[in-house]
Amino acid sequence: MKRRTLLITLGLGSAAAATAAAHAVRGGEEVPEVRDAMPGAAPSRQDRMKVKTVAFWTGIFMKSWDYAYSNATPLSRSLDSQDHYDLAYDVDGCVAMFRATGERRFLDRALTFVENVVAGAKPSSSLPDSRYRDKYQGWESRKSGEGGDEVPLYESYLWRYATALLVAIHDNPGIFADRGYRQRYDRLLNFAEVQIFEKWYSRGADDTIYRDRTHMASHWALIALHLARLTGDQGRRARYITVADTISSRLHAQLRRNPAEPTAYFWSDVWGSAKRPGQDVGHGNGVIAYVVEARDLGKGWTDADMAAFSALLTKVIWPGGTTYRAYLDGTGSDNGWFADGFVKLGRYDPAVQLRLEKHQVVNDQFAANMALNARILRS
């Protein structure tokens, strides 16, 4: 599934492609070690100041402000969890804008969306076609042939960003000290810990958390990473860390030197496989969304890793112009949708950010993450 799209045509300047380091020994293939490599020289302040400003990207984001509200509000009030999957993009966009600007209007909207979702949760025991019917709360889905069951993918897709919202509140001293925001934060954190993570973990972690595809497991790794940062319960924290570390280790083991570009990463979405064409780009966004946040929190990913993922974006997936590849080996053709993951790589290198400024497939989530990238690069 891919995001509903409100495209904004941009006439943006040209820029150099990203630089990248070489790669680790993967699957017995002898290649230079990327994870221990020294990253290149840090970009100069002059280079970082070349990127477009937070204000520029805020202006782009605000062009769809009213449309996004009218589209996302019914999704947040829906009792079908597939709609929450689609809502995830709006929550991510608002959280990124809040982190970029500090403006409470973006925080308030994200909070309202997530609180609407929580208000619609029902006891699993009351959902007639759920396979679980246990003590936890959740939502059924009758779309896409789910037949009224509870679906871990749909919930994890939203709650990786709902928990990112909680991290953004926690890490903003003024907001966290505000009694009203703190009460809302506490309620949502308790819900996330019990009705999202504990619920699905208790229903069988091998099937519902670790999953059989890299991108689906990455959603849970991101949730676990966030909850480990926020929880006050040491037992829960230990479990979250175990989940995040286990998935992170499995992702590292998946990485190979890209057959189309030796400085770029390649992986298959199937655990233990290195078969081409590898992960499709659309779902690969989910992996990148996790590794970027893990890198920023210093949890197992390096600058060299980010350079290798950036080379994948700029040299393989998007070799230039309006040519977009469908798979990570550079084959196939796609629509250039990077808003949910690959766009976030711009925060590490102004050359990548400048390249992304040329991208034409722009929606509000893309603009919001470009604003956050600019905030990080220019600060």
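Residues numbered from 1 in each chain as written. Predicted model: local features only at pLDDT ≥ 70, side-chain atom pairs only at ≥ 80, totals over all residues. Heavy atoms only, no water.

Chemist: Quick rundown of the side chain of serine 218? Include the residues and the values.
Modeler: Here serine 218 lies in helix 10 (residues 214–230). Look at serine 218 and you get buried, because its relative accessible area is 1%. Non-local contacts of serine 218, meaning those with residues more than four positions away in its chain, are made with Ile247, Leu251, Gly286, Val287 and Tyr290. (Helix = DSSP H or I, 4+ residues; strand = E, 2+ residues; numbered from the N terminus. Buried < 20%, exposed > 50% of the residue type's maximum accessible area, 1.4 Å probe, protein only. Contact = heavy atoms within 4.5 Å.)

Chemist: Before we move on, could you go through the confidence of the model for the chain and cite the residues and values that matter?
Modeler: Reading predicted coordinates in detail is not appropriate for stretches of low pLDDT. Across the chain, pLDDT averages 90, with 89% of residues at or above 70. Within the model, the stretch residues 1–6 combines pLDDT values under 50 with 27 contacts to residues more than four positions away or in other chains. (pLDDT = per-residue confidence, 0-100.)

Chemist: I'd like to hear about helix 5 (residues 104–119), residue by residue, with values.
Modeler: Taking 1.5 Å of rise per residue, the 16 residues of helix 5 would be expected to cover 22 Å, and the 22 Å separating its terminal C-alpha atoms lies within 8% of that figure. Inspection of helix 5 places Phe106, Leu107, Arg109, Ala110, Leu111, Phe113, Val114 and Val117 among the buried residues, and these make up the whole buried set. In this structure, the buried side of helix 5 is in contact with helix 2 (54–62), helix 3 (65–77), helix 4 (81–101), helix 6 (152–170), helix 7 (173–176) and helix 8 (179–202). (Expected span 1.5 Å × (residues − 1).)

Chemist: Before we move on, can you summarise the packing of aromatic side chains with the specific residues and values?
Modeler: Under the criterion given, the structure shown has 23 aromatic pairs. Arranged with centres 5.0 Å apart and planes meeting at 90°, the rings of phenylalanine 56 and tryptophan 57 form a pair that is edge-to-face. Here the aromatic rings of tryptophan 267 and phenylalanine 309 are separated by 5.8 Å at their centres, their planes lie at 80°, and the arrangement is edge-to-face. Linking tryptophan 267 in the loop between strand 4 (261–266) and helix 12 (281–296) with phenylalanine 309 in helix 13 (residues 303–317), this pair joins segments that are 42 residues apart in sequence. For the pair tryptophan 267 and phenylalanine 309, a shared accessibility class is recorded, and that class is buried. A cation over an aromatic ring shows up here: arginine 109 above the ring of tryptophan 65, its NZ or CZ 3.4 Å from the ring centre. If you follow arginine 203 out to its NZ or CZ, it ends over the ring of tryptophan 200, 4.7 Å from the centre. (Phe/Tyr/Trp six-rings, centres within 6.5 Å; stacked < 30°, edge-to-face > 60°. Lys NZ or Arg CZ within 6 Å of the ring centre and 35° of its normal.)

Chemist: Which residues make up the pairing of strand 4, and what are the values?
Modeler: Among the six residues of strand 4, five are classified as buried, and the element is accordingly described as predominantly covered. By the bridge criterion, three bridges tie strand 3 (residues 256–258) to strand 4 in an arrangement that is antiparallel. Along strand 4, the bridge assignment pairs arginine 256 with phenylalanine 266. Joining the antiparallel neighbours strand 3 and strand 4 is a turn of two residues. (Pairing = 2+ DSSP bridges.)

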